[in-house]
Amino acid sequence: MTAAPELVTAVRSAKQYLTYVSSGPFQYAVAEALALPDSYFAAFREDMLAKRDLLSAGLATAGFKVFRPAGTYFVTTDIRPLGETDGFAFCRALPERADVVAIPNAVFHDHKEAGAPYVRFAFCTRTEVLADAAERLRKVFAH
């Protein structure tokens, strides 16, 4: 950085603080979470697994090829079995077609064509929302 000495000092001070004490406000939240009983985390894990399985099964029933995740709250799918190849176009049309949203995986690729036929759906929501979304997708895409 090139600037007046007082600005360089201020930026270096802030950078030093942020590098070694990143996300200061989150440290309080982490401390609270670490004080929770193991049963909280076990129940959370089971809830997320059930939601993952519910959405994955619903997507498979609708005709998507499903890649079940092991460590995220997104289910990635291949839309080619539905006769689709463009994840961007698919995701733009999906809210009108099924009142459901998805994210085109191509946004995460340096080479957009590599991610073109893949879209992902989040399952970090209420179970009834996931069941409803799965049913909407089944009605639109299942043959």
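Refer to the structure printed above.
Anyway, here's the lowdown on the structure attached to this text. Here the residue index of a chain counts from 1 through its sequence in written order. Per-residue local features are limited, in this predicted model, to residues with pLDDT of at least 70; the limit for side-chain atom pairs, both in listing and counting, is 80 or more; totals at the level of whole chains, interfaces and linings are taken over all residues. Only hydrogens and water are set aside when side-chain values are computed; all heavy atoms of the structure are taken into account.

## Some remarks on the overall build of the protein
Then step 1. Along the backbone of the protein there are 6 helices and 4 strands.
Then step 2. Each helix (α) and strand (β) of the protein, taken in turn from the N terminus, gives the series α-α-α-β-β-α-β-α-β-α.
Then step 3. For a compact globule of 143 residues, the expected C-alpha radius of gyration is about 15 Å, and the protein comes in at 21 Å, more than 25% above that figure.
Then step 4. For the C-alpha atoms alone, the extent of the protein along its principal axes is close to 65 × 45 × 25 Å.
Then step 5. In this scheme, a residue with accessible area under 20% of its type's maximum is buried, one over 50% is exposed, and one in between is partly exposed, where area comes from a 1.4 Å probe on protein chains only. Buried positions account for 27% of the 143 residues belonging to the protein. By definition, any uninterrupted DSSP run of H or I lasting at least four residues is a helix, any uninterrupted run of E lasting at least two residues is a strand, and each is numbered from the N terminus. Only the C-alpha atoms count toward the radius of gyration. The rule for a globule is 2.2 Å times the residue count to the power 0.38.

## Thoughts on the nonpolar core
Then step 1. Judged by nonpolar contacts, the single largest core of 21 residues is most densely connected at Phe64, Phe90, Leu94, Phe121, Leu137 and Phe141.
Then step 2. Elements with a contribution of two residues or more to this core: helix 3 (38–62), helix 4 (87–98), strand 4 (118–122) and helix 6 (127–141).
Then step 3. We call two residues in contact whenever any of their non-hydrogen atoms come within 4.5 Å of each other. When neighbours within four sequence positions are excluded, Phe64 is seen to be in contact with Leu59, Thr77, Asp78, Ile79, Leu82, Phe90, Phe121, Leu137 and Phe141. Among buried residues, those of type Ala, Val, Leu, Ile, Met, Phe, Trp, Tyr and Cys that are joined through side-chain atoms within 4.5 Å constitute a nonpolar core.

## Describing a nonpolar patch on the surface
Then step 1. Excluding any residue in a salt bridge, patches collect residues exceeding 30% relative accessible area, merging like charges within 9 Å and nonpolar Val, Leu, Ile, Met, Phe, Trp and Tyr side chains within 5 Å. Exposure was quantified through the Shrake-Rupley algorithm and a 1.4 Å probe, taking into account, for residues, occlusion by the shown protein chains and nothing else. Within this document, salt bridges are pairs made up of a side-chain nitrogen of Lys or Arg and a carboxyl oxygen of Asp or Glu, the two lying within 4 Å of each other. Residues Leu36, Tyr40, Phe41 and Phe44 make up a contiguous nonpolar surface patch of roughly 380 Å² in combined accessible area.
Then step 2. Relative accessible area serves as the criterion here: at 46%, Phe44 is assigned to the partly exposed category.

## Looking at the packing of helix 3 against helix 6
Then step 1. Relative to each other, helix 3 and helix 6 sit at 10°, their axes nearing to 8 Å. When the interaxial angle is binned, helix 3 and helix 6 end up roughly parallel. Between helix 3 and helix 6, the residues in contact are Asp47, Lys51, Leu54, Leu55, Gly58, Leu59, Thr61 and Ala62 and Thr127, Leu130, Ala131, Ala134, Leu137, Arg138 and Phe141, respectively. Note on geometry: axes are lines fitted to C-alpha atoms, helical ones only across the stretch in contact, with angles between N-to-C directions running from 0 to 180 degrees. In these notes the angle categories are as follows: under 35 degrees is roughly parallel, over 145 is roughly antiparallel, 65 to 115 is roughly perpendicular, and the rest is oblique.

## Some remarks on the packing of aromatic side chains
Two aromatic rings, taken as a pair, are described by how far apart their centres are and by the angle between their planes.
Then step 1. Put simply, two rings from Phe, Tyr or Trp (the six-membered ring, in Trp's case) pair if the centres are within 6.5 Å, and we call them stacked under 30 degrees between planes, edge-to-face over 60, tilted for the rest. Scanning the entire structure with this criterion turns up 8 aromatic pairs.
Then step 2. Considering the side-chain rings of Tyr40 and Phe41, the 5.1 Å spacing of their centres and the 90° angle between planes classify their relative orientation as edge-to-face.
Then step 3. Owing to a relative accessible area of 42%, Tyr40 belongs among the partly exposed residues under this scheme.
Then step 4. A relative accessible area of 37% means that Phe41 is categorised as partly exposed.
Then step 5. With a centroid separation of 6.5 Å and 15° between ring planes, the pair formed by Tyr40 and Phe44 is classed as stacked. Of the two residues, Tyr40 and Phe44 are both situated in helix 3; the distance of 4 residues between them amounts to about one turn of the helix.
Then step 6. Grouping aromatic residues by their ring pairs yields a cluster made of Phe64, Phe90, Phe121 and Phe141.

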